[in-house]
Amino acid sequence: MDNPSKFINITHGYLTFEQAYEKILLFIQKDVRAPYLLSIGTDSHVHQQETKFMTAVHLHRVGKGAWGCVRPYIVNRAIRSLHEKISLETALSQEIAMLFTLEKLEKIQNLLLPHLEHGADFHFEIHLDIGQKGATKDFIQEMTGRITAMGLDAKIKPDAYTAFCYANRYTK
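Right, let's walk through the structure included here. What you see is a predicted model, and the numbers here were worked out from it, not measured in a lab.

## Looking at empty space enclosed by the protein
Right, so step 1: Under the criterion given, the structure shown has 2 cavities of 30 Å³ or more.
Right, so step 2: Counted as a void, the largest cavity has a volume near 40 Å³.
Right, so step 3: Taken together, Thr-42, Ile-86, Glu-89, Thr-90, Ser-93, His-127, Leu-128, Asp-129 and Ile-130 form the lining of the largest cavity.
Right, so step 4: Breaking the lining of the largest cavity down by element, the ones donating at least two residues are α2 (82-99) and β6 (121-131).
Right, so step 5: A per-class count over the lining of the largest cavity returns 3 nonpolar, 4 polar and 2 charged.
Right, so step 6: Computed from the structure, the second largest cavity encloses a volume of approximately 30 Å³.
Right, so step 7: The wall of the second largest cavity is formed by Ile-8, Asn-9, Ile-10, Gly-68, Cys-69, Val-70, Tyr-166 and Tyr-170.
Right, so step 8: If you list the elements that add at least two residues to the lining of the second largest cavity, you get β1 (7-9) and β5 (66-75).
Right, so step 9: In terms of residue count, β5 provides more of the lining of the second largest cavity than any other element does, 3 residues in total.
Right, so step 10: When the residues that make up the lining of the second largest cavity are grouped by side-chain class, the tally is 6 nonpolar, 2 polar and no charged.

## Regarding the layout of surface pockets
Right, so step 1: Volume-wise, the largest pocket comes out at about 160 Å³.
Right, so step 2: As for the largest pocket, its lining consists of Leu-102, Leu-105, Gln-109, Phe-122, His-123, Phe-124, Gly-151, Leu-152 and Asp-153.

## Digging into the packing of aromatic side chains
Right, so step 1: By the definition in use, this model includes 8 aromatic pairs.
Right, so step 2: For the pair Phe-7 and Phe-17, a centre-to-centre distance of 6.0 Å together with 55° between the ring planes defines the contact as tilted. Residue Phe-7 is located in strand β1, and its partner Phe-17 is located in helix α1 (residues 17-29); the two are separated by 10 residues in the primary sequence. Note on accessibility: Phe-7 and Phe-17 belong to one class, buried.
Right, so step 3: Geometrically, the ring pair formed by Phe-53 and Tyr-73 is edge-to-face, given 6.1 Å between the ring centres and 65° between the ring planes. With Phe-53 in strand β4 (residues 51-61) and Tyr-73 in strand β5, this pair connects stretches of sequence that are 20 residues apart. Of the two residues examined, Phe-53 and Tyr-73, each falls in the buried class.
Right, so step 4: Ring-pair connections join several aromatic residues into one group, and the members of that group are Phe-7, Phe-17, Tyr-21, Phe-100 and Phe-124.
Right, so step 5: The residue whose ring lies beneath Arg-61 is Phe-27, and the NZ or CZ to ring-centre distance is 3.8 Å.
Right, so step 6: One Lys or Arg, Lys-104, reaches over the ring of Tyr-21 and ends 4.9 Å from the middle of that ring.

## Notes on the packing of α1 against helix α3 (residues 102-112)
Right, so step 1: Interaxial distance between α1 and α3 falls to 10 Å at its minimum, and their mutual angle equals 15°. Here α3 runs roughly parallel to α1, going by the angle between their axes. The two elements α1 and α3 meet at a crossing, and its hand is right-handed. Residues Phe-17, Glu-18, Tyr-21, Ile-24, Leu-25, Ile-28 and Gln-29 of α1 form the contact with α3, whose participating residues are Lys-104, Lys-107, Ile-108, Leu-111 and Leu-112.

Thresholds applied
- Within every chain, residues take consecutive numbers counted from 1 along the sequence as written.
- Restriction of local features to residues with pLDDT of at least 70 applies here, the model being predicted, together with a cutoff of 80 or more for giving and counting side-chain atom pairs; totals for whole chains, interfaces and linings are based on all residues.
- Each side-chain value is worked out from all heavy atoms of the structure, with water and hydrogens disregarded.
- Cavity and pocket criteria rest on a 1 Å grid covering protein atoms alone: a 1.4 Å probe that fits but cannot get out defines a cavity, protein on both sides within 12 Å along at least 5 of 7 lines defines an open pocket, and an atom within 4 Å of a point defines a lining residue.
- Grid points are joined across faces, edges and corners, and a volume is the space filled by probe spheres set on the points.
- Numbering of helices and strands runs from the N terminus; a helix is a DSSP stretch of H or I covering at least four residues, while a strand is a stretch of E covering at least two.
- Amino acids outside the nonpolar list (Ala, Val, Leu, Ile, Met, Phe, Trp, Tyr, Cys, Pro) and the charged list (Asp, Glu, Lys, Arg) are all regarded as polar, and Gly is one of them.
- Only Phe, Tyr and Trp rings are paired, with Trp represented by its six-membered ring, and only when their centres lie within 6.5 Å; those with planes under 30 degrees apart are stacked, over 60 edge-to-face, the remainder tilted.
- Relative accessibility under 20% of the residue-type maximum defines a buried residue, over 50% an exposed one, and the middle range a partly exposed one, all with a 1.4 Å probe and only protein chains included.
- Over a ring means this: the NZ of a Lys or the CZ of an Arg is within 6 Å of the ring centre and within 35 degrees of the ring normal.
- Here an axis means a line fitted to C-alpha atoms, over the contact stretch when the element is a helix, while the angle between two N-to-C directions is reported on a 0 to 180 degree scale.
- Here roughly perpendicular refers to angles of 65 to 115 degrees, roughly parallel to angles under 35, roughly antiparallel to angles over 145, and oblique to all remaining angles.
- Here a crossing is called left-handed whenever its near helix is offset anticlockwise from the far helix by less than a right angle, and right-handed whenever the offset is clockwise.
- What makes two residues a contact is simply this: any of their non-hydrogen atoms within 4.5 Å.

Without other data, these values stay purely geometric and don't point to any function.
As structure tokens, this is what we get:
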């Protein structure tokens, strides 16, 4: 595992989860009248001697920018089983989502609650790097079931941009 408790943000460098969470709060405080979508997604890339996973935390101020960070995770072997790779991607996203405790989510919601009539909104979901096309379609029910069992919304391609776009950028 590469920096297991560290997240990376292009501007701020390495952050603990608590520091990343504080950056999220600061980003929301800059515009409490906007709708926000907080999503977690993981993508991976199989290299010759290792498989590199990146789990992204992405806060989208809908129509007005975003803030995000990624957490690397390295498996010291090439994972050739697609099911194993997708299952680990899902587990890593679940692990990060669980760091957003009810207390942390309520703190975000309380920032926005007084501004609902002005457009404030908040959604939290997990983005999975699977879709209706290609070999991953066989895993949709299993992986989305794992997410919905947590009480969260699961998104797949093409709506899972945090996994297949944002996290993907850092896996190579």
